[in-house]
Structures are given as C-alpha cells and as structure tokens.
Amino acid sequence: MAAQPRKRPARTSSARPRPRGNPQKRPVAAPPAKATARDWIGAARLRTLPLAVSPVLVGTGAANLGAEPFHWVIALACLVVAVSLQIGVNFANDYSDGIRGTDDHRVGPARLTASRKAQPRTVLVVALVFFGIGALAGLAIVIRTQQWWMIVVGAACIVAAWFYTGGKRPYGYAGLGELFVFVFFGLVATLGTTWVQAFALPQEAWFGAVAIGFLACAVLLANNLRDIDQDRVAGKRTLTVRIGRRATQVLYTVLVLAPFGIAAYLALFYPIAWLSLMALLAALPAILIVWTYRVPRELVIALALTSLTSLAYGAFLFWAFIG
C-alpha cells in the first residue's frame, strides 16, 4: 500500500507576516517641532498678566489718597516685580507640570514642556530668569525705601511661586492654590505696593487687596474647572477636584461678584468707584460661561474675561482713589 503524501499544515490567520525591507530604514515618528517665538509668548500666558497689573494699580491708588506726590519710579518697579513673578510662575508651572506628565492631555493651549517643543531645562532657566528680574527690581525698591525687611517678603513670594507646582509636595496639588493666590496676588501684592510708596496701609488698600485677591482666585478656579478631569486622573487634587463642579461654580460666582459689593461700599466715599461696576460687562458673561459651558475649552474664554475684569476693576479703583 502506497504511503499517502504528507499534508502541509495550513497557515493560520494568526501567523504574523515577516517584515519586509531593511528594518533600519523603517519610518519613525517625526520629532516635535521646535518652539517658535509665538510658542514662548503663549507659554508666558499673557491672559494672566492683568492679575499682576491690577494689584499695583489699586495699591498705588491707595498710596496716593493724600496730598503726597506720586512715586512713579517705585510704582513702575512694583509693576516690574509683579509682572516678572507672574511670568516666572507661569514658566515654572509649565516645567513642573510638564515633567510630572500632568499636561500630557491638556485641554487649553499646549505647554512647552509637555509638547516636547522645548527642553525642560530651557523652560526652567527662563522661569529662573524672570524670577531673577523680579528679585532685582524688588531689591531696588528695598534700597530706595530702606525697608530691608521686605527682602523676606520678596523671598517668600518667589518660594510660593515655585512650590505651587514645584518640589516634591506642591501645594497646588493639595487644594491650597486658591489660598496662596489670595494671599500673594491679592494681599501681599496690593498692600506691598501701598506700603513702599506711603509707609502706611489705609483701609482702602485692605478693601482693594481683598477684592483683587478674590478675582485672582476666580481666575484660578476657572482654570482648574477646565482641567478637572485631567487633574483628577493625574492625581492633582486641586480645590476644584476636591469640592466638585457645582460647588466650584458657586464659589467662582461669589468670588467674582463680591468685589463689586466692596466697590459699592467704597463708592460711598469715592464716587468714581461706581464706574468699577462697568467691569461687570466682562464678569457677567464669564459667569454665564462657567455655568453653561458644554466643553472644557469654552472655559478658556471665561478665564480671559475674568482676568480682564480684574484689570478693569483695578483701573477704576485707581482712578477713584486719585480722583
């Protein structure tokens, strides 16, 4: 009996085809494009800079309630300090959040570190340069006013700016961001500006500092509300993550509207302060967006409008105090 020919086993569909061609010449993912000047300007987050300008406006106005001459040089130096620290903390956040991976799936504008458009060390150096500019301007103010204890205040501002998202245990990841923003972007920035010009802290400066601090916190709430889902996954326990969307919307509304109550009280003594109510033209649409947004990206507009509200509010209070 003749032997039957052997049947070759059929090739199953799970068999993997052999790669063809030279593996060394296989296409690889293109490296990310290098950051342009526009990218660096965007990373400075210009929409947040009004938060640095408004406390200087209010503080300078409160310092010039009497017949004292304007200290324009000191006021401009305060502005350099505030703006430099604001830009510095923005780049520091870009660096710290980028190396932690928090910004890998960012909703808002792309960051330099997370997008790999710039080396993390380069972003860190830029942040330190702006911190240095702020420190030098602050030192000039101290030398001019002989208020040497203010060096400690300036150092505390830089440390707070860095540890917002930097270090092993950043306080911004523990739900304390709003508290520190209120203290440093509201009280310290406004009252410090008043003190170095007038060596006094009138009640107008305190009212203005609280109002500006509330608006600065509102900007941060809008930012964190936009990133709530991403932050929750990344383990960033912001105040918004801790209290949830609805409570954040309520708190945001209170923080935006409360400064106008303060302005109405100040208007009893400084009638021009009534004009600060015009800032509601930006504040009310921002509140509406926060309550009705459908996609997180819409909150970028609310953030910008809130920041603009702070600038307009500060400008009108400045006018009211010096008018």
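Attention here is on the structure that accompanies the text. (Residues numbered from 1 in each chain as written. Predicted model: local features only at pLDDT ≥ 70, side-chain atom pairs only at ≥ 80, totals over all residues. Heavy atoms only, no water.)

Section: the overall build of the protein chain
A count of helical and extended segments in the protein chain gives 11 helices and 0 strands. For the protein chain, the α and β elements follow one another from N to C terminus as α-α-α-α-α-α-α-α-α-α-α. The buried share among the 323 residues of the protein chain stands at 46%. Look at the contacts in the protein chain between residues 6 or more apart in sequence, and 75% of them connect residues 24 or more apart. Total accessible area on the protein chain stands at roughly 17,300 Å², and carbon and sulfur atoms take up 67% of it. (Helix = DSSP H or I, 4+ residues; strand = E, 2+ residues; numbered from the N terminus. Buried < 20%, exposed > 50% of the residue type's maximum accessible area, 1.4 Å probe, protein only. Contact = heavy atoms within 4.5 Å. Areas by Shrake-Rupley, 256 points an atom, 1.4 Å probe, with all protein chains shown as cover.)

What to know about helix α2 (residues 50-63)
Residues three or four positions apart in an α-helix share a direction because the helix packs 3.6 residues into each turn. Here α2 contains 14 residues, and its C-alpha end-to-end distance of 20 Å stays within 8% of the 20 Å for a straight helix at 1.5 Å per residue. Counting buried residues in α2 gives 12 out of 14 residues, a clear majority hidden from the surface. Of all the residues in α2, the buried ones are Pro-50, Leu-51, Ala-52, Ser-54, Pro-55, Val-56, Val-58, Gly-59, Thr-60, Gly-61, Ala-62 and Ala-63. Tucked into the core, α2 has its buried residues touching α3 (72-100), α6 (177-198), α7 (203-226) and α11 (299-322). (Expected span 1.5 Å × (residues − 1).)

Some details on unusual backbone geometry
With the exception of glycine, the majority of residues adopt a negative phi angle, and the majority of peptide bonds are in the trans configuration. Residues other than glycine seldom take positive phi values, yet Gln-146 does so here, at roughly 60°. By secondary structure assignment, the location of Gln-146 is in the loop between α4 (120-145) and α5 (150-163). Residue Gln-146 is classed as partly exposed on the basis of its relative accessible area, which comes to 47%.

With respect to the environment of Leu-221
Along the chain, the position of Leu-221 falls in helix α7. Separated by 18 residues in the primary sequence, Leu-221 and Leu-239 have C-alpha atoms spaced 8.1 Å apart. When near neighbours in sequence (up to four residues on either side) are disregarded, Leu-221 contacts Glu-178, Leu-239, Thr-240, Thr-248, Leu-251, Tyr-252 and Leu-255.

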